Each structure stands twice: as C-alpha cells, then as structure tokens.
Amino acid sequence: MFGLFTKLKKITEKYVILQSLKFQEMIKVNIEGCRPFVKAEEFEQYADKALDAFDVLQSEKGAGNDFLGWKTLPVDIPESLIKDCEAIREDWKKRGVNLVVVIGIGGSYLGARCAIEALSHQFLPQENAPRVVFAGNNLSEDYLAELMDLVKKSNAGCVVISKSGTTTEPAVAFRVVKTYLEETYKDAGKRIVAITDGAKGALKTLSVQEGYRSFVVPDNVGGRFSVLTPVGILPIVLAGFDIRAMLKGAADERESLIKRGKENAAVQYAAMRNLLYSSLGKKVEILACFNPRLQYLGEWLKQLFGESEGKEGKGIFPASVIFTTDLHSMGQFIQEGERVMFETTVSVEKVNRSVTIAFEEQNLDKLNYLAGEHVEHCNKMAQLGTKLAHMDGGVPQIEIGMEQVDEYNLGAVFYFFEFACGISAYMLGINPFNQPGVEAYKNNMFALLRKPGYEKQTEEILARL
C-alpha cells in the first residue's frame, strides 16, 4: 500500500530524533502512523468534535455525571487513608501474613492486578512483602480449589472488594476463604479487610457485625475507574509498592489533560480513534504492548473501554496482545486478515534492567551481528518493524508513550486512559459511566441456579432449553 523503504527512512529518522529527546513526565500520543490513512481536514473535524466532548466531560453536565469522582482522585486521596492501608500492612507483617487473597471481579480487581503484575519481579517473590493473589473473578471450581491449596500452605489474609457483597463470583470465593480463615485462625477477624459501600449492603453489614477493618468504595466512582480508590490502593500498598508515587503520576497527568486544546494528548487519541471508527470502519482496536509486564494493562483497558463504549449498538471492540510473543500467533491475522482494525501500542521508552548479547566464536545461531547490543534494542527494532509492516498491511498505528514501568508512570497511564475514555465515549453520544448490559447474563444465571425471586424466569428459560 505504501512505499516500504520511503516510510522506513522517514520513521527511522523520526525514531532517532525521538530517541535523542528526553521524555517528559507526561504520557505522549503519536498519531503519525494513522496519517497515511486519513485526510488532514478530517482529523481537524474530529479534533473539534473531541474538544466538544472534552467540554462535556469538564462541565460535568453530560450523561453519567454522578460518576465523575475519579477525575479528582489523584489530588483528593487523603494521606490518612494511605497511612491506614500501611497500618494494615504492618499489622499483617506482625501476624506473619505472607499471602494476601484479593477477592473481587471486574474493576474491583483489574486495576490492582495490572499495577502489581507490572511492578513485581516476573519470577521472584517481592522482598519484604506478601504474595498477592486474586480470586472471585471467575466461577471455576478447579481455580478455587487450587487457590485453597495455596492458602492452606501459607499464612493468609484476605481483602474482599464488593459494593453490594452479593455479586456471585466474589461472594462465592469469599464464603470459601472466610470459612477457612475462621476455622484456622483465632484472629480471623483481623485477617479480613472489606472494601465496600459506606452505608448499606451485605458486606457492609457483615463488616460491622464481625468488626472487620473496612474502606469505602466512593459512590461517585464506577468500578472500572476505581484503581486510585481504596479498591486499588490497599492491594498495591500490601504488595509493597509506592502508592504515593502512583498518585503523583496521576495528578501530574491530570494537570496536563485538563488543559483544553487540540494538542491535548487525550483529545488527540479520542479524535483519531473515533475518526478511524466512524469514517474508515475500523471497528476493532488492538491494544499492543512490547513488555510482558503490561499484559494486565491490556485486560484493564478492555474493561475500561468495553464497558464504557459498548452500548446502543455502538463502540470500538477492544482486544489486546503482547508482542513479540503474539506476533507468532495473532500476527498473521493482523497483517493480512479482514481490515477491520487499528492498533494502539503502549510504548515504554526505558527498561529497568540491562542484558546484552554475547559474542560466540562458532556463531551457530548467526547472532554475532548483534553481539554487544542490548536485548531491548532488538525489542525496539521489532516494535518499529512491526509498525511498518502493519501499516503496509493497512492497519493504522497509534502510539502511547510512557517513560518506564514504575509507580509514577503507571499512575499517569491510568489517568490518561480514563480521561481519554470519557472523551471518546461522549464523542459516540453515549453514557461512558453505566453498564446496563452486564445484567443480562446474571439474570439468566440466577434463574438457572433457581435463586429465590427468579421462579418465573426459571420457568421461561427451561422452556427455551
């Protein structure tokens, strides 16, 4: 479609220039990989539409405006809340807790898991901190049984996260874990922390009855926007990471994004993805990362955009891949399959570790031409080569740049995507902050489980089956 060598020269020159510039502390958006597919005047039109959506978000008068508490979380979280989380960490350390089971589903676990997976050593346990595992995000009996195998070999504590306390997946897991803790530890009530509604609900009632330490899920923050509330803060603190740096990164990103203008990174991202969707029929966004630490960033983003935009027969379908791994599985489809997608790559500028490739006399693997190079140099060239190849295959490219994988930059990434998601969904003319469709499977499941109150639905479903 495009001259490969001409593009290679231009993009390589731009890459070298970018390499010579020190990254600023804010998230960067590069939409140059979309320019060959769209007209400049079209993008300007969509940038104007994105600014209109920005105004709706900032005016707080749009649909779902009672769920905008996330916008100021980075500067609203009190130091006292962080210290309360740290006090639990220190108390559990004294009790010898070396395993924390975090129970929750959807937004009640994805943000925390994204942060912890990204920041943890990929093979060794975190020093001076318990292992954090997750439950209540599925109904697999094998998963829960094997989780309990681990719990029984550990000194365990539990964080249960649920607004109501009656969502099936976390409620089932919590009942199993709670029963074991109560049968095993005399101090079981001190090994359970609840993050729930401030005034009502089954989990709130149980917390009061049993004397659990508890934190409040803010009424004005939806689950998929809750990573910077106690929902994410407590697990991240328990895992041994610097939540203050994460909040600082989010606060700094917020300062950048609340400035109105077409150069606003969130405005540019929302404008381009909606242009590709509405004008070119690009219905699928492939969220790509070249660092396996960010696998759960893709999972978090799928929920963020899937629940926020997938309504009223509209929305861009979010998928995620980890490259270069998935280039050996999904790469063929992305390169030559149906042209329904664009690609958004979260690019990490600096790595945290150093590994170089050695010289070998025999050179049987033919790698001596890379001797002395850092492995990340190969990764960067793979990223650049993938971008060029996929552009040639008709896949527009957006790049989201972060400096490195650490608490500060993860905070900025979280806030960037939340803010951009709000703008993008308002551009589609839908409410970004509700999720009416998720009740359909629950109602069918409750009827099939013969939950009291669902008798009529049970009869109707059995008749269909």
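Everything that follows concerns the structure shown earlier in this document.
Just so it is clear, the model here is predicted, and its values are computed rather than measured.

Enquirer: Any chance you could explain helix H12 (residues 295–309) here in plain terms?
Expert: Because each turn of an α-helix spans 3.6 residues, side chains separated by three or four positions end up pointing in the same direction. For H12, with 15 residues, the first-to-last C-alpha span of 21 Å sits near the 21 Å given by 1.5 Å per residue. Here the buried face of H12 lies against helix H5 (110–119), helix H11 (265–280), strand S7 (284–289), strand S8 (317–322), strand S9 (341–348) and helix H15 (407–427).

Enquirer: Whenever I open this one, the packing of H5 against H15 confuses me. Can you help?
Expert: Two measures define how a pair of helices packs: the angle their axes make with one another and the distance between the axes. In contact at an axis separation of 11 Å, H5 and H15 are set at 145° when each is read in the N-to-C sense. Between H5 and H15 lies a crossing whose hand is right-handed. Contacts between H5 and H15 pair Gly111, Cys114, Ala115, Ala118 and Leu119 from the former with Glu407, Leu410 and Phe414 from the latter. Looking at the contact of H5 with H15, its residues break down into six nonpolar, one polar and one charged.

Enquirer: Looking at this structure, I do not really get the pairing of strand S4 (residues 156–161). What am I missing?
Expert: Taken residue by residue, a regular strand's side chains alternate between the two faces of the sheet. Where burial is concerned, most of S4 is hidden: six out of the six residues are buried. Residues Ala156, Cys158 and Val160 line one face of S4 and the alternating positions Gly157, Val159 and Ile161 line the opposite face, and both faces are buried. Two strands pair when backbone bridges link them, and strand S2 (residues 99–103) and S4 are joined in this way by five bridges, in the parallel orientation. In the strand pairing of S4, Val102 is matched with Val159. As defined by bridge partners, S4 adjoins strand S5 (residues 192–196) across four bridges and the pair is classed as parallel. The partner of Val160 across the bridge, within S5, is Ala194.

Enquirer: Would you mind showing me how to read the state of the cysteines here?
Expert: Note on terminology: a disulfide is the covalent bond linking the sulfur atoms of two cysteines. Counted by the stated rule, this structure contains zero disulfides. Here Cys114 stays unpaired: no disulfide links it, and the sulfur of Cys289, its closest cysteine neighbor, is 8.7 Å away. The exposure class assigned to Cys114 is buried, which follows from its relative accessible area of 1%. Not part of a disulfide, Cys378 finds its nearest cysteine sulfur in Cys289, a span of 19 Å.

Each value, and the rule that gives it
Residues numbered from 1 in each chain as written. Predicted model: local features only at pLDDT ≥ 70, side-chain atom pairs only at ≥ 80, totals over all residues. Heavy atoms only, no water. Helix = DSSP H or I, 4+ residues; strand = E, 2+ residues; numbered from the N terminus. Expected span 1.5 Å × (residues − 1). Contact = heavy atoms within 4.5 Å. Axes fitted to C-alpha atoms, helices over the stretch in contact; angles between N-to-C directions. Left-handed = near helix turned anticlockwise from the far one by under 90°. Nonpolar A, V, L, I, M, F, W, Y, C, P; charged D, E, K, R; others polar. Buried < 20%, exposed > 50% of the residue type's maximum accessible area, 1.4 Å probe, protein only. Pairing = 2+ DSSP bridges. Disulfide = S-S within 2.5 Å.

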